[in-house]
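# An overview of the molecular structure
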Amino acid sequence: MLLLNSCQSKNEYTNNFFTMDTPMSITAYGKNAKEGVTKSISYINRLDGLFSKTLNQSEISLANNRDGSAYVFSETVSALIAKSLEYSKATDGAFDITLGTLTNLWDTKSETPKIPSEKDISDALKLTGYKNLIQDKTHVLFKNALKLDMGGVVKGYACDGVYEILSDYGIKSAIVNLGGNIYVIGEKPDKTPWNVGIKDPRNDDQNAIIGYISVKDTSIVTSGDYQRYFIKDGIRYHHIIDPKTGSPSESDLISATIISPSSTMADAFSTAVFIMGREKGEKFLKENNIDYILITKSKEVIVSENLKSSFTFEGKEKGYIYDK
Ligand code: ADP
Ligand code: MG
């Protein structure tokens, strides 16, 4: 996703930073902009220290290397585990934070990614499953040797937290971009909506979009097969794993964007809907009254009814099809 706004204002403060393995940026307007943004960045770093799968002293790493079958988490981590389990139930298991063994195995981030053997995949699959997590408040019982990977929801959670922090600082206009997880707060300082570009999933140019939405006070989260992937023998192996197969999902979608004031939910559901595919995904989103923009392998762009009036299509020359 891309932000198409450029406005200069004397109370503007922007910070570009890198954490959670992701380039991020926050721009805020108002007299407390700098303080609010600075506080937000230390908050995100603190979350990374809790949820990272790679920092070996994070709570998630400590839990993954647990000795025995139980682990006691902090309130913050257990609250997001509880939410994640709700999202797993709601999505019929498409969203699942217990895929750590599989995501380690696939390691799409590696410089030299390899396709795991069928045996390794089926062995890793046995060590997954959200139903194997039994939670009683902060106390979590692991019914098998599963490892947690909360990478599908933590940036959304961070976005919601930043929204709270900036609001506490009295900031009424801001744009938070945590690597594809966007939160637009209020309107632009000139009182017009924010324009948020929807990335062209088949163009490596970071600035290529298929259109944009004009929105205020909401979060926009995309899951796609183009963020982290490698191609081998013409097959694209990306970072979103279908919990049923243990391999990168092969649905008919190449991008799923969810628009909702809850960025945590949008993050979990964008990952889930990407796996569900168009038919199941659209049905699920309609039932739950959630706005979306989906892009299929055949380059069809599907926009939820409610969002059509705020969507501007710009993908025709790039071969995308949008039937308003
Ligand atoms: P990104 O992290 O690129 O913004 P997503 O929000 O879609 O994208 O999350 C993908 C990440 O979530 C993966 O890198 C992995 O850590 C984790 N993950 C992969 N498959 C699933 C899944 N089925 N459910 C929950 N998390 C997943
Ligand atoms: Mg996600």
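In this report, we go over the structure that sits alongside the text. In every chain, residue numbers begin from 1 and rise along the written sequence. Lettering for chains starts from A, numbering for ligands starts from 1, and both go in the order in which the items are written. With the structure being a predicted model, the display of local features is reserved for residues of pLDDT at least 70 and the display and counting of side-chain atom pairs for 80 or more, all residues being used for whole-chain, interface and lining totals. Values shown for side chains rest on all heavy atoms present in the structure; no hydrogens or waters enter the calculation.

## What to know about the pairing of strand β9 (residues 194–199)
Burial here depends on accessible area, computed with a 1.4 Å probe over protein chains only, as a share of the maximum for the residue type. Under 20% is buried, over 50% is exposed, and the range in between is partly exposed. By definition, any uninterrupted DSSP run of H or I lasting at least four residues is a helix, any uninterrupted run of E lasting at least two residues is a strand, and each is numbered from the N terminus. Counting buried positions along β9 gives six out of six residues, so the element sits mostly inside the fold. A two-sided burial pattern is seen for β9, the buried positions comprising Trp194, Val196 and Ile198 on one face and Asn195, Gly197 and Lys199 on the other. Any two strands with at least two DSSP bridges between them are considered paired. Relative to strand β10 (residues 209–215), β9 runs antiparallel, the two being bridged by six bridges. Following the sheet pairing, Gly197 is matched in β10 by Tyr212.

## Some details on the pattern of salt bridges
The term salt bridge refers to a pairing of a side-chain nitrogen on Lys or Arg with a carboxyl oxygen on Asp or Glu at a separation within 4 Å. Using the criterion set out here, one finds twelve salt bridges in the structure. The partner of Asp92 in a salt bridge is Lys280, and the shortest N-O contact between them spans 3.7 Å. Placement of the pair is Asp92 in the loop between α3 (75–90) and α4 (100–106) and Lys280 in helix α8 (residues 278–287), with a sequence separation of 188 residues. Under the relative-accessibility criterion, Lys280 is labelled partly exposed at 41%. A salt bridge links Glu305 to Lys308; the shortest N-O distance between them is 3.1 Å. Assessed through its relative accessible area of 63%, Glu305 is described here as exposed. One network of salt bridges, with partners in common, ties together Arg278, Glu282, Lys286 and Glu300.

## Considering the side chain of Ser58
With respect to the helices and strands, Ser58 occurs in the loop between α1 (33–51) and α2 (59–64). For Ser58, a relative accessible area of 0% puts it in the buried group. Of the polar contacts made by the side chain of Ser58, one reaches the backbone oxygen of Ser52; its length is 2.5 Å. What Ser58 contacts, discounting residues up to four positions off in sequence, is Asp48, Gly49, Leu50, Phe51 and Ser52. Distance and chemistry together define a polar contact, namely a pair of N or O atoms within 3.5 Å, with one atom able to donate a hydrogen and the other to accept it when in protein, and with adjacent residues in sequence counting only for side-chain atoms on both sides. Two residues form a contact once any of their heavy atoms are found within 4.5 Å.

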